[in-house]
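Architecture and fold: a report
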Amino acid sequence: MQATLSAPATPASSPRWRVIGAVSVAHFLNDLMQSLILAIYPLLKGNYALSFAQIGLMTLTYQCTASLLQPLVGIVTDRKPQPRALVLGMASTLCGLLLLSQATQFGWLLLAAALVGTGSSIFHPESSRVVRLAAAGHKGLAQSLFQVGGNGGTAAGPLLAMLIILPNGQHSVAWFGSLTLLAMLVLWQVGNWYQAELGHAARRAAPPAANPLSPRQTRHTLAVLMALVVTKYTYMACLHSYFTFYLIERFAVSTADAQLYLFAFLLAVASGTILGGPLGDRIGRRRVIWFSIFGSAPFALALPYVGLHATLALVVLIGLILSSAFSAILVYAQELLPQRVGMISGLFFGLAFGVAGLGAALIGQLADHVGLQTVYQWCAWIPLAGIVAALLPELRKR
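Let us look at the structure shown here. (Residues numbered from 1 in each chain as written. Predicted model: local features only at pLDDT ≥ 70, side-chain atom pairs only at ≥ 80, totals over all residues. Heavy atoms only, no water.)

A few words now on the overall build of the chain. Regarding its fold elements, the chain presents 15 helices and 0 strands. Principal-axis analysis of the C-alpha atoms gives the chain an extent of 65 × 50 × 35 Å. Within the chain, the proportion of its 398 residues that are buried is 53%. Looking at the chain alone, contacts between residues at least 24 apart form 84% of all its contacts between residues at least 6 apart. Within the structure as shown, the chain displays about 16900 Å² of accessible surface, and the carbon and sulfur contribution to it stands at 67%. In the chain, which carries 23 positive and 10 negative side-chain charges, the distance between the mean positions of the two groups comes to 11 Å. (Helix = DSSP H or I, 4+ residues; strand = E, 2+ residues; numbered from the N terminus. Buried < 20%, exposed > 50% of the residue type's maximum accessible area, 1.4 Å probe, protein only. Contact = heavy atoms within 4.5 Å. Areas by Shrake-Rupley, 256 points an atom, 1.4 Å probe, with all protein chains shown as cover. Lys, Arg positive; Asp, Glu negative; His and termini not counted. Charge placed at Lys NZ, Arg CZ, Asp CG, Glu CD.)

For helix 5 (residues 106–135), with 30 residues, the first-to-last C-alpha span of 43 Å sits near the 44 Å given by 1.5 Å per residue. Counted residue by residue, helix 5 has 24 buried out of 30 residues, so it is predominantly covered. (Expected span 1.5 Å × (residues − 1).)

Locating Thr231 in the fold gives a position in helix 8 (residues 215–251). Beyond its immediate chain neighbours, meaning those up to four positions away, Thr231 contacts Ile293, Ile382, Pro383, Ala385 and Gly386.

This paragraph deals with the state of the cysteines. The final tally for this structure, using the stated rule, is 0 disulfides. Cysteine Cys379 shares no disulfide, and the gap to the nearest cysteine sulfur, in Cys238, comes to 3.9 Å. (Disulfide = S-S within 2.5 Å.)

What follows covers the packing of aromatic side chains. Inspection of the entire model under this criterion finds 5 aromatic pairs. Ring centres 5.7 Å apart and planes at 90° place the aromatic pair Tyr233 and Phe326 in the edge-to-face group. Of the two residues, Tyr233 sits in helix 8 while Phe326 sits in helix 13 (residues 325–336), which places them 93 residues apart along the sequence. Relative to Tyr376, the ring of Tyr246 lies with its centre 4.2 Å away and its plane at 10°, an arrangement referred to as stacked. One end of the pair, Tyr246, is in helix 8; the other, Tyr376, is in helix 15 (residues 372–379), and 130 residues separate them in sequence. The class of Tyr246 is buried, set by a relative accessible area of 1%. Put simply, the rings of Tyr246, Phe251 and Tyr376 touch in pairs and so form one group of aromatic residues. (Phe/Tyr/Trp six-rings, centres within 6.5 Å; stacked < 30°, edge-to-face > 60°.)

All right, on to the pattern of salt bridges then. Applying the stated criterion to the full structure yields 3 salt bridges. With its nearest N and O atoms 3.0 Å apart, the salt bridge here joins Arg129 to Asp78. Pair noted here: Arg129 is in helix 5 and Asp78 is in helix 3 (residues 52–79), with a separation of 51 residues, a long-range link. Between Glu126 and Arg129 there is a salt bridge, and its shortest N-O distance comes to 2.6 Å. With Glu126 and Arg129 both in helix 5 and 3 residues apart, this pair spans about one turn of that helix. Judged by its relative accessible area of 0%, Glu126 is buried. Through salt bridges with shared partners, one network takes in Asp78, Glu126 and Arg129. (Salt bridge = Lys/Arg side-chain N within 4 Å of Asp/Glu carboxyl O.)

This part covers the packing of helix 5 against helix 14 (residues 341–370). Running from N to C, helix 5 and helix 14 point in directions that differ by 130°, and their axes come no closer than 9 Å. The orientation of helix 5 relative to helix 14 falls into the category oblique. For the element pair helix 5 and helix 14, the recorded crossing hand is right-handed. Contact residues: helix 5 offers Ser120, His124, Pro125, Ser128, Arg129 and Arg132, while helix 14 offers Val341, Gly342, Ser345, Gly346, Phe349 and Phe353. Its residues assigned to classes, the contact of helix 5 with helix 14 comprises 4 nonpolar, 6 polar and 2 charged. (Axes fitted to C-alpha atoms, helices over the stretch in contact; angles between N-to-C directions. Parallel < 35°, antiparallel > 145°, perpendicular 65-115°, else oblique. Left-handed = near helix turned anticlockwise from the far one by under 90°. Nonpolar A, V, L, I, M, F, W, Y, C, P; charged D, E, K, R; others polar.)

So, on to the nonpolar core. Grouped together as the largest cluster of nonpolar side chains are 81 residues, with contacts concentrated most on Leu225, Leu239, Phe243, Ile289, Ile329, Phe348 and Tyr376. Residue contributions to this core peak at 15 residues, all from helix 8. Residues contacting Ile329, with those up to four places away along its chain left out, are Leu225, Leu228, Val229, Ile289, Ile293 and Phe348. Counting residues in hydrophobic clusters, the runner-up holds 30 residues, among them Leu44, Ala113, Ile165 and Phe353. (Core = buried A, V, L, I, M, F, W, Y, C linked by side-chain atoms within 4.5 Å.)

The next point concerns unusual backbone geometry. Look at Ala252: it is not a glycine, yet its phi comes out positive at around 55°. Within the secondary structure, Ala252 sits in the loop between helix 8 and helix 9 (255–283). The exposure class of Ala252 is exposed, given its relative accessible area of 65%.

In this section: the side chain of Glu126. Engagement of the side chain of Glu126 in a polar contact is seen with the backbone nitrogen of Gln82, the distance being 3.1 Å. Engagement of the side chain of Glu126 in a polar contact is seen with the side chain of Tyr194, the distance being 3.3 Å. Excluding anything up to four places from it in sequence, Glu126 contacts Thr77, Pro81, Gln82, Pro83, Ala85, Leu86 and Tyr194. (Polar contact = N/O pair within 3.5 Å; in protein donor to acceptor, adjacent residues only side chain to side chain.)

A word on the environment of Pro71. Topologically, Pro71 is positioned in helix 3. When the C-alpha positions of Pro71 and Phe349 are compared, they lie 8.5 Å apart, and in sequence the two are 278 residues distant. Among all residues touching Pro71, those that are not within four sequence positions of it are Met343, Gly346 and Leu347.

Further remarks concern a nonpolar patch on the surface. A grouping of Leu159, Met162, Leu163 and Leu166 is seen on the molecular surface, where their side chains present a nonpolar patch of about 390 Å² in accessible area. One can find Leu159 in helix 6 (residues 139–168). By relative accessible area, which is 46% here, Leu159 ends up partly exposed. (Patch = residues over 30% accessible without salt bridge, like charges linked within 9 Å, V, L, I, M, F, W, Y side chains within 5 Å.)

Written as C-alpha cells, this is what we have:
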C-alpha cells in the first residue's frame, strides 16, 4: 500500500486509478458501517422495547449529523484542506460502532448514531475532493467509481447484518470495527498521497480556476441541480425503502423472493452509477442528467400497472437509468465552483442523505393513510420533474 499510494514525483497529468480505487474501497466500508444501523433496527427495538417514535429519533439523529454537517465540513476544508480528516471521520465511525455494540440505554444509542453520522459528514467532502484531484481528465468516471463503492457498501450492510449481527446479538457489531480499522489504514496512505499532492500544487502556484458562469447564473444552475437531487432521491426512497413491501402486498410473493427483486434493483443502481460518469465525460453532463431523470419517467409511470415479471424488468431499467444522474450532477456542480469543491460535495451529499431520510419517512406516513399501491401510483409522477434539467446550460460549449 505504501508503494502504491506514494506521492507522485510530478504533478498528476493522468488519472491515479489506484488512489481512486483505494478511496472507493474506503467508501464501500464507510457506507457499509452506516447501513448497519438501519439494518439492526429490529434487533434494537426488541432489546430495548423501543417505540417507532424512538426509532424515528435515531434515524433523525443520524441523518442530521450525516447531512447537515457535510456542507460545513466542506467550507472549512475548502479554506484549508485536511489530508488526515479522512482518518478522523472513520475514527468517529469506529467509536460509534463500538458504543452501539455496548449501549445499554437509549441515550447511548442516540450518541452512537450521531458519531456514525458525524464520521460520514467528515468522510464524504474530503474523499470527493481527493477523487477529483486524482481524476485528471476523467472526473466523471472517477466520481462514478467512488459512488459505486458507497452503493455496494449500502447494499452489503443489511446482508452482513442478517448473517452476523442478528444471529449473534448486539455485541457482534463491534466485530465490524476491524473493517473500520482497515479503512483507516487505507485512508492514512491516501492522506499521504493527498498531502504530497497539495505540496506540489502549492509549489506550482497555478492561478485559481475561473467560474464558467456569472454569479447569478451559477446560483440559478445550482438551484436546478438541487431540485434534481430532491426529485431523484425522493423517488429512489420510494423504491429502496418500500419495494419489498410493495411486492408482497401486490403480488403475494415470499419475503425471500421480494429480497431477490430488491437485489436486482440495487445491482441495476450500481451499474447505472458506473455508466453515468464516463458518459458525462464523453457526451456532456447536461445530456446525461436530462436523460437520467426525465428518461426514467415512462418506466416509472408504467410500473404500478404491470405484472410481476414486467415489474422486475421496469425496476431494473429505472434503477439503471436514474442512478446515472448523481455522478454527473456532482461533477457538473463542482465545475460551476471549482474553488469550492468541498462545499459543493458536502452540500450535495448532505442533500442526498437528507432527502432520502425525509422522503422515506414521509412516504411511510402517506402509505399508512392511503395504502402503498396508491403511493406508488402517485410517486410515479415524480421523475417528470426532471424536465427542469432543460434549464441547465451546457458548460462544455462555454
